[in-house]
Structure formats: structure tokens, C-alpha cells
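# Analysis of the macromolecular model
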Amino acid sequence: MPQSVKSLVREIYQQEGYVYARSPEEIAKTYGFTQVARLASNENPFGPSPKAVAAVQEATRTMHRYPDTGSGDLVHALNEYHGDFEFVTGVGMDGVIETCIRVLVNPGEKVAISVPTFSFYGLAAKAQGAEVINIPRRNDFSVDVDAFITAAKGAKISFLCSPNNPTGTLTSPEDIERIADALEGVLFLDNAYVEFSDLDYRDLMHRHENLIIGRTMSKVFGLAGCRIGYAFIPSWLKPIYATAATPFTVNTLSLAAATGALTDQEYVERSISHVRSWIQKFRTTCKMPVLPGGANFVMIDTAPKTGDECAKALAERGVIVRSCRSFPGLADHYIRVCVGEDWECEQFLTEINRLC
Ligand SMILES: *Cc1c(COP(=O)(O)O)cnc(C)c1O
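Residues numbered from 1 in each chain as written. Predicted model: local features only at pLDDT ≥ 70, side-chain atom pairs only at ≥ 80, totals over all residues. Heavy atoms only, no water.

### Quick word on the packing of aromatic side chains
Under the counting rule described, the total for this entry stands at 16 aromatic pairs. Look at Y18 and F118: their rings are 6.4 Å apart centre to centre, the planes differ by 70°, and that puts the pair in the edge-to-face class. Within this pair, whereas Y18 is found in the loop between α1 (3-6) and α2 (24-31), its partner F118 is found in the loop between β3 (110-115) and α6 (120-127), the two being separated by 100 residues in sequence. Residue Y18 is classed as partly exposed on the basis of its relative accessible area, which comes to 33%. With a relative accessible area of 14%, F118 lands in the buried category. Put simply, the rings of Y18, Y20, F118, Y121, F159 and F188 touch in pairs and so form one group of aromatic residues. Its guanidinium or amino end placed over the ring of F297, R336 lies 5.7 Å from that ring's centre, counting from NZ or CZ. (Phe/Tyr/Trp six-rings, centres within 6.5 Å; stacked < 30°, edge-to-face > 60°. Helix = DSSP H or I, 4+ residues; strand = E, 2+ residues; numbered from the N terminus. Buried < 20%, exposed > 50% of the residue type's maximum accessible area, 1.4 Å probe, protein only. Lys NZ or Arg CZ within 6 Å of the ring centre and 35° of its normal.)

Structural data, given as C-alpha cells:
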């Protein structure tokens with residue numbers, strides 16, 4: 001391609017984007033395994049809920065039509081599930097994050113992010129031309145509330161994740177409330193893993209007009225492949241969000257899958273108890289230090305090995321975990337490991353302990 005055409009591409013897309021986990025097919029082929037333990041992407045290992053599958057089958061009948069723009073059935077199911085709140089939906093919570101940034105941030109304006117954390121907030125903010133302010137957590141990865149409030153001054157939107165990816169760290173609803181109270185901009189609280197913790201932030205929506213709480217159907221609800229997420233949103237922002245969103249964003253089949261999954265509480269509870277018992281076992285059995293946290297994964301300190309070395313050694317033994325090197329603001333000696341099926345967790349524990 002002639003250089004002159006390539007130079008049309010914006011500078012930010014000439015750099016590295018989102019870092020994906022290595023694919024199981026690639027690992028299986030490279031190291032000669034028939035199956036590999038997939039513990040890098042925080043997915044639900046149980047397969048989708050049969051209720052989600054049935055709802056998708058039913059919805060195929062209407063897939064010649066454009067989807068319901070208001071996600072009406074899903075919003076109804078969310079109201080049944082959570083009570084009286086306003087919701088917006090998106091292509092994964094990632095889609096919700098992107099739309100929220102588009103709604104609020106002009107090029108050159110500030111977006112504040114509590115780091116180390118999920119990388120997509122920063123990528124989406126830069127795509128909008130924002131100035132990104134990374135606000136470091138303390139050494140134990142807790143949020144320094146006063147430092148956060150000071151550094152986030154002037155930001156149009158600030159991002160804070162609890163339980164935090166990849167550290168697992170919890171921030172209390174009281175701390176979130178203090179931050180929301182103090183900020184002039186919007187606070188986006190990412191609750192992708194909240195179902196695995198004992199914390200509940202929903203009540204804060206009744207008291208704060210500048211709070212958005214992001215949720216996803218990809219983790220405990222087992223629909224990562226459907227790409228559907230949602231958020232609790234203040235009522236003033238909801239119609240504006242709809243104006244900014246890509247037309248017909250969420251597709252008919254994903255809407256049906258999410259609506260079906262929300263009716264299967266037995267599946268959710270079984271998933272949570274499976275995760276909790278394995279997290280407990282990771283803590284007691286793994287010889288490397290496992291950090292405290294409340295998600296379906298743990299972060300493990302692999303020093304003196306780097307996270308990259310450890311992830312590579314585990315891949316050679318048929319276990320895919322996530323090296324945390326690509327997370328902004330984190331040292332290079334951590335891996336993130338999620339709870340998979342029993343055999344996957346057992347294989348991980350055996351192999352990690354052999355590396356010590
Ligand atoms: C997985 C994840 C999301 C969103 O996932 P989607 O699949 O886009 O819904 C958002 N935030 C964090 C911290 C996550 O780990």
C-alpha cells in the first residue's frame with residue numbers, strides 16, 4: 001500500500017489497541033494439546049443457560065426485522081430483576097462505555113481513570129480525542145478517595161471499577177458515594193463482576209444524578225459471545241444516550257438471550273457458588289501469593305518471575321491465563337486467573353505449584 005494512503009490513518013490507531021488473550025486453538029496447536037484450560041477471559045465455564053438458548057431460538061423467527069430500538073423486553077426483564085431503575089443497553093458493556101464517552105466528552109476534554117484497571121476506558125477515551133488522566137491506586141490497590149477526587153477535578157467522566165479488573169479489589173459503596181458527591185463530572189462505576197461479591201451499589205442511583213453503573217451479561221450470565229451489556233443510568237441522560245448510540249445497536253438474538261438469561265436465577269446462583277468455592281481453594285492451595293478480591297478471578301503475584309514468563313510456562317503446560325503486563329499502571333509480575341470448570345482449575349493449581 002502506498003505510504004501516502006496509510007498516513008490517512010489516525011495516529012492512535014498506528015499504536016497497539018486492545019490486548020486479547022491468546023486463543024486456545026493457537027495454544028493447542030503450538031504445544032500439541034487436544035484441549036487446554038481457558039482461564040484468561042473471566043467467562044462463565046458452564047455454557048449458556050438453557051433459558052437463554054430457548055429465547056434465542058424463539059427470536060430467530062423475527063430476525064428478518066430490525067430490532068426493538070428501546071430494547072423493550074430486556075428493559076422490562078431488567079426492571080423485574082433489579083426493581084425501578086432506568087436502563088440503557090449496548091454491544092457489551094464496552095459498547096455502553098463507548099457511547100457514554102461519546103455523549104459527554106469533546107476532543108481535548110479530560111477523562112479520569114483509577115488505575116491499574118481494564119484498558120478499554122482509556123482506549124475509548126483516546127478514540128474520542130480526550131486527555132486521559134490516570135489516577136494511581138495505593139500499593140495495596142485500594143482507591144485513595146481524596147487523591148481520586150483531587151485528580152479527577154475537571155474530568156467530564158471518571159471511571160472506577162469494583163471489583164476491579166485485574167486486581168479484584170473492592171471499593172465500598174460509601175467510598176463510591178463520597179466520590180460521586182464530590183465530582184462535578186459523571187462517575188462511571190464498572191460493576192462487571194459485582195454479582196460475585198457481597199456488595200450492592202444500586203441504591204446509590206436514587207441519590208446521585210451523576211452516577212452510571214455499568215453491568216454486563218458476559219460474565220456471571222454466561223453470554224460473552226452475544227456481546228450485550230447494560231447500565232443503570234440517570235433519567236436525564238437516558239434520552240441523550242439514545243441519541244448518541246449507533247442505530248439498532250443491540251441485535252434481536254442478543255436481546256432475547258439476555259432476556260432469557262435474566263429469568264434463570266438458579267444458573268446464576270450455581271455459577272456464583274462454583275466460583276466462590278474455587279476462589280477459596282486458589283487461596284489455600286496456590287503457593288504464590290493470591291491477592292484479596294471479590295470477582296470470578298484472582299490476581300497472583302508471580303515475582304521473581306514476570307507475568308509474561310509465568311503465562312508462557314503455563315501455556316506450554318496447557319493452561320491459558322492472562323499476563324497482566326498490558327494493564328496500565330501495574331508492575332510486570334502478576335497474572336490473572338479466572339475460575340473455569342473443575343478440571344481446568346485443578347490443572348492450573350497443579351501446574352502453577354510446579355512452577356514455584
Ligand atoms: C468484561 C468486562 C467488561 C465488559 O465486557 P463486555 O463483554 O463488553 O460486556 C467491562 N468491564 C470490565 C472490567 C470487564 O472485565
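Once the structure has been displayed, the description carries forward.
### Quick notes on the site of the ligand
Residues in close proximity to the ligand total 13 residues, the closest being D190, Y193, T216, K219 and R227. Within the side chain of K219, an N or O atom sits 3.1 Å from an oxygen atom of the ligand. Contact between the ligand and R227: an oxygen atom at 2.6 Å from a side-chain N or O atom of the residue. For the ligand, whose free accessible area comes to 380 Å², the fraction covered by protein is 94%. Counting atoms within 2 Å of the grid points, the majority share of the ligand lands in the largest pocket. Examining the composition of the shell around the ligand, we find that 3 residues originate from one element, helix α5 (residues 92-104), more than from any other. Residues that form the shell around the ligand fall into these classes: 5 nonpolar, 4 polar and 4 charged. (Near = heavy atom within 4 Å. Polar contact = N/O pair within 3.5 Å; in protein donor to acceptor, adjacent residues only side chain to side chain. Areas by Shrake-Rupley, 256 points an atom, 1.4 Å probe, with all protein chains shown as cover. 1 Å grid on protein atoms, 1.4 Å probe; cavity = no way out; pocket = protein on both sides within 12 Å on 5 of 7 lines; lining within 4 Å. Sits in = over half its atoms within 2 Å of the grid points. Nonpolar A, V, L, I, M, F, W, Y, C, P; charged D, E, K, R; others polar.)

### Focus: the sheet that holds strand β11 (residues 322-323)
Strand order across the open sheet formed by 3 strands is β9-β12-β11, with antiparallel pairing between neighbours. Lying at the two open borders of the sheet, with one neighbouring strand each, are β9 (297-301) and β11. Bridge count for β9 against strand β12 (residues 334-338) is 5 bridges, and the pairing is antiparallel. Bridge pairing in β12 links V298 to V337. Sheet contacts for helix α12 (residues 307-316): β11 and β12; angle to β12, the most-contacted strand, approximately 45°. (Pairing = 2+ DSSP bridges. Contact = heavy atoms within 4.5 Å. Axes fitted to C-alpha atoms, helices over the stretch in contact; angles between N-to-C directions.)

### Some thoughts on the environment of V115
Tracing the backbone through its elements, the reader meets V115 in strand β3. Those residues in contact with V115 that lie beyond four places of it in its chain are N134, I135, P136, R137 and P328.

### Brief notes about the sheet that holds strand β5 (residues 155-161)
The strand order across the open sheet formed by 7 strands is β2-β8-β7-β6-β5-β3-β4, and the pairing between neighbours is mixed. One side of each edge strand has no neighbouring strand; the edge strands of this open sheet are β2 (87-90) and β4 (131-136). Averaged over neighbouring strand pairs, the angle between their axes works out to 25° when direction is ignored. For strand β6 (residues 186-190) and strand β7 (residues 211-216), the ladder comprises 4 bridges, and the chain directions are parallel. Bridge pairing in β7 places L187 opposite L211. Of the strands in this sheet, β2, β7 and β8 (229-232) touch helix α4 (residues 72-82), which is tilted by about 125° from β2. Seen against the sheet, helix α8 (residues 173-182) touches β5 and β6 and runs at an angle of roughly 155° to β6.

Read these as layout, nothing more, since geometry by itself doesn't imply function.
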